[in-house]
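Breakdown of the fold
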Amino acid sequence: MTDRPRVSARISAISESATLAVDAKAKAMKAEGRPVIGFGAGEPDFPTPDYIVEAAAEAVREPRFHRYTPATGLPELKKAIAEKTARDSGYRVDPSQILVTNGGKQAIYEAFAAMLDPGDEVIVIAPYWTTYPESIKLAGGVPVFVVTDESTGYMAGVEQLEQARTERTKVLVFVSPSNPTGAVYPREQVRAIGQWANEHGLWVLTDEIYEHLVYGDAEFSSLPVEVPEIADRTVVVNGVAKTYAMTGWRVGWIIGPKDVVKAAGNLQSHATSNVANVSQAAALAAVSGDLAAVEEMKKAFDRRRRTIVRMLNEIDGVLCPEPEGAFYAYPSVKGVLGKQIRGRRPQTSAELAELILEEAEVAVVPGEAFGTPGYLRLSYALGDEDLAEGVSRIQKLLAEAV
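Cut-off values and rules
Residues numbered from 1 in each chain as written. Predicted model: local features only at pLDDT ≥ 70, side-chain atom pairs only at ≥ 80, totals over all residues. Heavy atoms only, no water. Helix = DSSP H or I, 4+ residues; strand = E, 2+ residues; numbered from the N terminus. Rg over C-alpha atoms; globule rule 2.2 N^0.38 Å. Buried < 20%, exposed > 50% of the residue type's maximum accessible area, 1.4 Å probe, protein only. Contact = heavy atoms within 4.5 Å. Areas by Shrake-Rupley, 256 points an atom, 1.4 Å probe, with all protein chains shown as cover. Pairing = 2+ DSSP bridges. Axes fitted to C-alpha atoms, helices over the stretch in contact; angles between N-to-C directions. Parallel < 35°, antiparallel > 145°, perpendicular 65-115°, else oblique. Left-handed = near helix turned anticlockwise from the far one by under 90°. 1 Å grid on protein atoms, 1.4 Å probe; cavity = no way out; pocket = protein on both sides within 12 Å on 5 of 7 lines; lining within 4 Å. Points joined across faces, edges and corners; volume = space filled by probe spheres on them. Nonpolar A, V, L, I, M, F, W, Y, C, P; charged D, E, K, R; others polar. Phe/Tyr/Trp six-rings, centres within 6.5 Å; stacked < 30°, edge-to-face > 60°. Salt bridge = Lys/Arg side-chain N within 4 Å of Asp/Glu carboxyl O. Polar contact = N/O pair within 3.5 Å; in protein donor to acceptor, adjacent residues only side chain to side chain.

1. Things to note about the overall build of the protein chain
Scanning the protein chain from terminus to terminus reveals 14 helices and twelve strands. The C-alpha atoms of the protein chain give 21 Å as radius of gyration, which agrees with the globular expectation for 402 residues (21 Å, within 12%). For the protein chain, the residues scored as buried account for 56% of the 402 residues in total. Across the protein chain, the fraction of contacts at a sequence separation of at least 24, relative to all contacts at a separation of at least 6, is 73%. Surface exposure of the protein chain reaches about 17,100 Å², of which carbon and sulfur atoms provide 51%.

2. A closer look at the sheet that holds strand β4 (residues 142-147)
Backbone-to-backbone hydrogen bonds join strands into a sheet, with any given pair of strands oriented parallel or antiparallel. In space, the seven strands of this open sheet follow the order β2-β8-β7-β6-β5-β3-β4, with mixed pairing throughout. Bordering the open sheet on either side are β2 (98-101) and β4, each of which pairs with just one other strand. The average undirected angle you get between the axes of adjacent strands in this sheet is 20°. Note that β2 and strand β8 (residues 252-255) share four bridges and pair antiparallel. Counted as the bridge partner of Thr-101 is Gly-252 from β8. Relative to strand β5 (residues 169-175), helix α8 (residues 187-199) is tilted by about 170°, and along the sheet it contacts β3 (121-126), β5 and β6 (203-207).

3. With respect to the packing of helix α4 (residues 75-89) against helix α11 (residues 277-288)
Close contact between α4 and α11 brings their axes to 9 Å; oriented N to C, the two are set at 25°. With respect to α11, the element α4 is oriented roughly parallel. Considering the relative orientation of α4 and α11, their crossing is left-handed. Facing α4, whose interface residues are Glu-76, Leu-77, Ala-80, Ile-81, Lys-84 and Arg-87, α11 presents Gln-280, Ala-283, Leu-284, Val-287 and Ser-288.

4. Thoughts on the layout of surface pockets
Rolled over the atoms, a probe with the dimensions of a water molecule shows which regions are left empty. Its boundaries defined by the atoms lining it, the largest pocket holds a volume of some 530 Å³. Forming the boundary of the largest pocket are 26 residues, of which Gly-42, Lys-105, Trp-129, Lys-242 and Arg-250 lie nearest the centre. Elements supplying a minimum of two residues to the lining of the largest pocket: α2 (18-31) and α5 (103-115). Considering only residue class, the lining of the largest pocket consists of eleven nonpolar, seven polar and eight charged.

5. A closer look at the packing of aromatic side chains
How two aromatic rings sit relative to each other is set out by the distance from centre to centre and by the angle between their planes. By the definition in use, this model includes twelve aromatic pairs. Ring geometry for Phe-46 against Phe-301: centres 5.7 Å apart, planes inclined by 75°, an arrangement best described as edge-to-face. Here the residue Phe-46 occupies a position in the loop between β1 (37-38) and α3 (50-60), and Phe-301 occupies one in helix α12 (residues 292-313), the gap between them amounting to 255 residues. For Phe-301, a relative accessible area of 1% puts it in the buried group. Put simply, the rings of Phe-46, Tyr-210, Phe-301, Phe-327 and Tyr-328 pair up and form one aromatic cluster.

6. Topic: the packing of α12 against helix α14 (residues 384-398)
Describing two packed helices takes the angle between their axes plus the distance from one axis to the other. Two numbers describe how α12 lies on α14: the axes approach to 10 Å, and their chain directions differ by 10°. Taken together, the axes of α12 and α14 are roughly parallel relative to one another. Each of Arg-303, Arg-304, Thr-307, Ile-308, Met-311 and Leu-312 in α12 lies in contact with α14, whose residues at this interface are Asp-384, Leu-387, Ala-388, Val-391, Ser-392 and Gln-395. The residue makeup of the contact of α12 with α14, split by class, is six nonpolar, three polar and three charged.

7. Some remarks on the pattern of salt bridges
Counted by the stated rule, this structure contains 25 salt bridges. Of the charged contacts, one joins Glu-211 and Lys-84 as a salt bridge, the two residues approaching to 2.5 Å between their closest N and O atoms. In this pair, Glu-211 sits in the loop between β6 and α9 (223-226) while Lys-84 sits in helix α4, placing the two residues 127 residues apart along the sequence. Each member of the pair, Glu-211 as well as Lys-84, carries the same accessibility label: buried. Note that Asp-384 is salt-bridged to Arg-303, the shortest N-O span being 2.8 Å. Placement of the pair is Asp-384 in helix α14 and Arg-303 in helix α12, with a sequence separation of 81 residues.

8. A look at empty space enclosed by the protein
Across all of its chains, the model carries three cavities of 30 Å³ or more by this definition. Space inside the largest cavity adds up to approximately 130 Å³. Every residue lining the largest cavity is counted, 17 residues in all, and those nearest its centre are Ile-125, Pro-127, Tyr-128, Val-175 and Ser-178. Considering only residue class, the lining of the largest cavity consists of 13 nonpolar, four polar and no charged. Approximately 50 Å³ is the volume attributed to the second largest cavity. Taken together, Leu-312, Ile-315, Val-318, Pro-331, Val-333, Ile-356, Leu-376, Leu-378, Ile-394 and Leu-398 form the lining of the second largest cavity.

9. Brief notes about the side chain of Asp-88
For Asp-88, the position within the fold is in helix α4. At 2.9 Å, the side chain of Asp-88 and the side chain of His-212 are in polar contact. Residues within four places of Asp-88 in sequence aside, it is in contact with Glu-211, His-212 and Leu-291.

Below you can see the structure in the form of structure tokens.
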């Protein structure tokens, strides 16, 4: 008998989510009684707003939600998402252009699966969220990375993107505000990138899940609004997880051309069928309501943003640009690498993150997970006291570096 592999090569090539792995390790250490503070997962520390929870409670008692519903999403939710999108970004779409998914991750995978054929290249700007390359590869595509750093605010220009384009390039992944860096592209740069993509007949997948989390003078700009001529080759991914503190409810969506959305919907009909109806009812309340609760959370994130940047920049060898969006800081720690700290000499940001977790009991995600070694990602979506205590521990540990 042939000794065939137990796990397929396609799935074996997919890496575990680094952010979820760090979060799981931190929680396991907490369960052991260790006072770990976690900056790993991108998850608001606020509870889901009460009016959303009440809508879910009412849905539980509604018999029609005890049955299958359309695989592409509740019609009333799709209509509300279309209205919310027009309200918040100025992008006007028909509900038939919307597919409700089990969170943003499923939206991203299904979008790539619908767009890509084997060998199609996808330009991904690094630092990138860990799921993009894996979803691209799982769909048969080839990720091509354009690496940015703190000197440009972690943003790519048209010239860099053009250098990465080949005859095989089909899609550009564009994210603003960015996870993991918090970068927010100015409106003129969004327009220039969209026009470049349109000129070369490329598709764009744009992830807008952090659209409401921008600070200071930064402004969110939706690419298909800025460059409407590319709308027919643009797929927008969004969801309720970050804006409404609903990470566990698992509701995201795709907005795109009808043929791509229909194809992704066909895939979902076989993969998972409809998203849980109670979660969809909660999402309906979220996107139909006002943004008052969101504004309160945003004020807290803004306060924490300024605190974490100040405290990180007080550490010798650490340089942290001020993020303008999302809820992540992405400091360079290159100035610390190679120095001796408590008998160890970390040479990589992965080794430094491990040292920080073991010695300071603080969980951070190394830049290797995002395609740019030499950095750390810290989510500041945690309580003010934990944030200050956690960064203080890092400060004390790294002060020992010689």
